[in-house]
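# Understanding the architecture of this molecule
For reference, the chains in residue letters:
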Amino acid sequence: MADIEQLNGDAQSRIGAAEDLAALEALRVEFLGKQGSVSALLKTLGKMTPEERQEQGPKIHALREAVQAALTARKEALENAALESQLAAETLDLSLPAPGMPQGSVHPVSQVMDELAEIFADLGFAVATGPEIEDDWYNFTALNMPESHPARAMHDTFYFGDNHRAPKGGRMLLRTHTSPVQVRTMLADGAPVRIIAPGRVYRSDSDATHTPMFHQIEGLVIDKGIHLGHLKWTLETFLKAFFEREDIVLRLRPSYFPFTEPSVEVDVGFAIENGQDGKGRRVLGGSGDEPGHGWMELLGSGMVNRRVLEMSGLDPDEWQGFAFGVGVDRLAMLKYGMDDLRAFFDGDVRWLRHYGFSAFDQPTLSAGVGARA
Ligand code: DAH
């Protein structure tokens, strides 16, 4: 009896202290192997009287089970520890640049979109989206451009074939501007509205300043008693924050868009850098009317046309609003000084290295929206 307890105590402490799987296997052989000490005890059962066996049998079997359980538990603990140390030793830092590979950077278009989202979020605007494959009705008709409207011709639209009929009956197309998101947002959410809608737009057009795909950001505010003053203040505040200068001067010119009445085209004053005009223009402030300064057309805007409000399910006697649309690529070119739009879409890593932004350089209003390349 004392033997059994002593043997168990000895086995438990030595098994618990086994340092590796090899040491553990040696202990298994020592206790439970053919010549093992527990096996030897089991063999004594055969020579016992039935009474002795009845008393000793269960104890010896319990000993064997206790030793076996200790071996199993220790084995599991050793294996877990081995796995832990392997996991600790083999970690892979996926944020590290691959050796010898060019480091990725944030494209100026993404950077500017993030900057715009940050600026407008601060003014209480939410971000809305719409489909790039759009319905004729949202892209044109609901924006007060019915089938025969001449403004449609100015959009150089990519249409889908006749077998792709739109749910509203018209043809499907690649949206030519982000303005259809205005209609979609009003129909889905009603009023009031305060959104920007950034995204890709498409037109069949291609030269140094036009690509078949480019980016726009649409703005829409609908509420009660909204007037041109709200539009002017919003655009001024946005452009000062975007170009990070207080001396920006805007010029609002009467214009025409079917979806706004009145319509306003916004020019920004710029200084001619190094006596150069045309390419490489950067917005540098100045009134535009002084020598060495000029005016540059920047965006379209206006008060949302009553017809558009009606087609978007709102009562124009109750709700008013303003809208604007601006080219994101153009904003990027003006702020960061690129002169050929086509390079935006070449995917040339040397261009990206020059004009791209660090992924760690997130635009925030507190740290400045204008990240430095
Ligand atoms: N959708 C127009 C375009 O692509 C831009 C535009 C002009 C948007 C006036 C507007 C607006 O929201 O009010 O040329």
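Residues numbered from 1 in each chain as written. Predicted model: local features only at pLDDT ≥ 70, side-chain atom pairs only at ≥ 80, totals over all residues. Heavy atoms only, no water.

Turning our attention to the site of the ligand. Around the ligand there are 15 residues in total, and H177, S179, R203, Q216 and E218 lie nearest to it. The separation between an oxygen atom of the ligand and a polar side-chain atom of E218 is 2.5 Å. Contacts to the ligand include A323, whose backbone N or O atom sits 3.2 Å from an oxygen atom. Considered on its own, the ligand offers 360 Å² of accessible surface; in the complex 90% of this is hidden by protein. Of all the secondary-structure elements, those providing two or more residues to the shell around the ligand are β5 (213-223), β8 (293-304) and β9 (320-327). Its residues assigned to classes, the shell around the ligand shows 4 nonpolar, 9 polar and 2 charged. (Near = heavy atom within 4 Å. Polar contact = N/O pair within 3.5 Å; in protein donor to acceptor, adjacent residues only side chain to side chain. Areas by Shrake-Rupley, 256 points an atom, 1.4 Å probe, with all protein chains shown as cover. Helix = DSSP H or I, 4+ residues; strand = E, 2+ residues; numbered from the N terminus. Nonpolar A, V, L, I, M, F, W, Y, C, P; charged D, E, K, R; others polar.)

Turning our attention to the side chain of H107. For H107, the position within the fold is in the loop between α4 (50-89) and α5 (108-122). Only 3.0 Å separates the side chain of H107 from the backbone nitrogen of V109, close enough to count as a polar contact. When near neighbours in sequence (up to four residues on either side) are disregarded, H107 contacts F344, W351 and L352. (Contact = heavy atoms within 4.5 Å.)

With that settled, the discussion passes to the pairing of β5. Within β5, 9 of the 11 residues are buried, which leaves it mostly tucked inside the rest of the structure. Pairing of strand β4 (residues 193-202) with β5 involves 10 bridges; the strand directions are antiparallel. Bridge pairing links A197 to E218 in β5. Of the strand pairs in this sheet, β5 and β9 are connected by 8 bridges, and their pairing is antiparallel. The residue of β9 that forms the bridge with E218 is G325. (Buried < 20%, exposed > 50% of the residue type's maximum accessible area, 1.4 Å probe, protein only. Pairing = 2+ DSSP bridges.)

Both trends apply: most residues other than glycine have a negative phi, and most peptide bonds are in trans. Along the chain, A191 connects to P192 via a cis peptide bond; the corresponding omega equals 0 degrees. Positionally, P192 belongs in the loop between α7 (180-189) and β4. Of the consecutive residues E261 and P262, the connecting peptide bond is found in the cis state with omega at 0 degrees. The residue P262 is located in strand β7 (residues 260-271) in this model. A positive phi angle is found at E244, which is not glycine, with a value near 55 degrees.

With that settled, the discussion passes to the nonpolar core. Within soluble globular proteins, side chains that are nonpolar generally end up buried alongside one another. F238 and L331 are the most contacted members of the largest nonpolar core, which totals 46 residues. Within the residue set of this core, elements represented by two or more residues are α5, β5, α8 (228-243), β7, β8, β9, α10 (328-336) and α11 (349-355). Among all residues touching F238, those that are not within four sequence positions of it are L116, I119, F120, L299 and L331. W137, M186, A197 and M311 belong to the second-largest nonpolar core, a separate cluster that totals 25 residues. (Core = buried A, V, L, I, M, F, W, Y, C linked by side-chain atoms within 4.5 Å.)

In this section: the environment of V201. Mapped onto the elements, V201 comes out in strand β4. When neighbours within four sequence positions are excluded, V201 is seen to be in contact with R175, T176, H177, T178, P212, M213, F214 and Q216.

Before going further, it helps to spend a moment on the packing of helix α2 (residues 21-32) against helix α3 (residues 37-44). Relative to each other, α2 and α3 sit at 15 degrees, their axes nearing to 3 Å. Between α2 and α3, the angle falls in the class roughly parallel. Of the residues in α3, those in contact with E30, F31 and L32 of α2 are S37, V38 and S39. Among the residues forming the contact of α2 with α3, the class breakdown is 3 nonpolar, 2 polar and 1 charged. (Axes fitted to C-alpha atoms, helices over the stretch in contact; angles between N-to-C directions. Parallel < 35°, antiparallel > 145°, perpendicular 65-115°, else oblique.)

It is worth spelling out the domain arrangement of the protein at this point. Structurally, the protein comprises domain 1 (2-89) and domain 2 (108-236 + 303-355). Spacing between the C-alpha centres of domain 1 and domain 2 amounts to 76 Å. (Domains from an automatic or database assignment.)

A word on α3. Taken together, the buried positions of α3 are V38, S39 and L41. Across the axial projection of α3, the buried residues extend over an arc of 155 degrees, all falling on one side. (Arc of directions from axis to C-beta.)

So, on to the environment of P363. With respect to the secondary-structure elements, P363 resides in the segment after α11. Residue classification places P363 among the buried residues on the basis of a relative accessible area of 6%.

So, about the side chain of N144. Relative to the elements of secondary structure, N144 occurs in the loop between α6 (136-139) and β3 (172-174). We classify N144 as buried; its relative accessible area is 17%. A distance of 2.9 Å separates a polar side-chain atom of N144 from the backbone oxygen of P258. Ignoring sequence-local partners within four residues, the contact set of N144 consists of H149, P258, N305, R307, V308 and M311.

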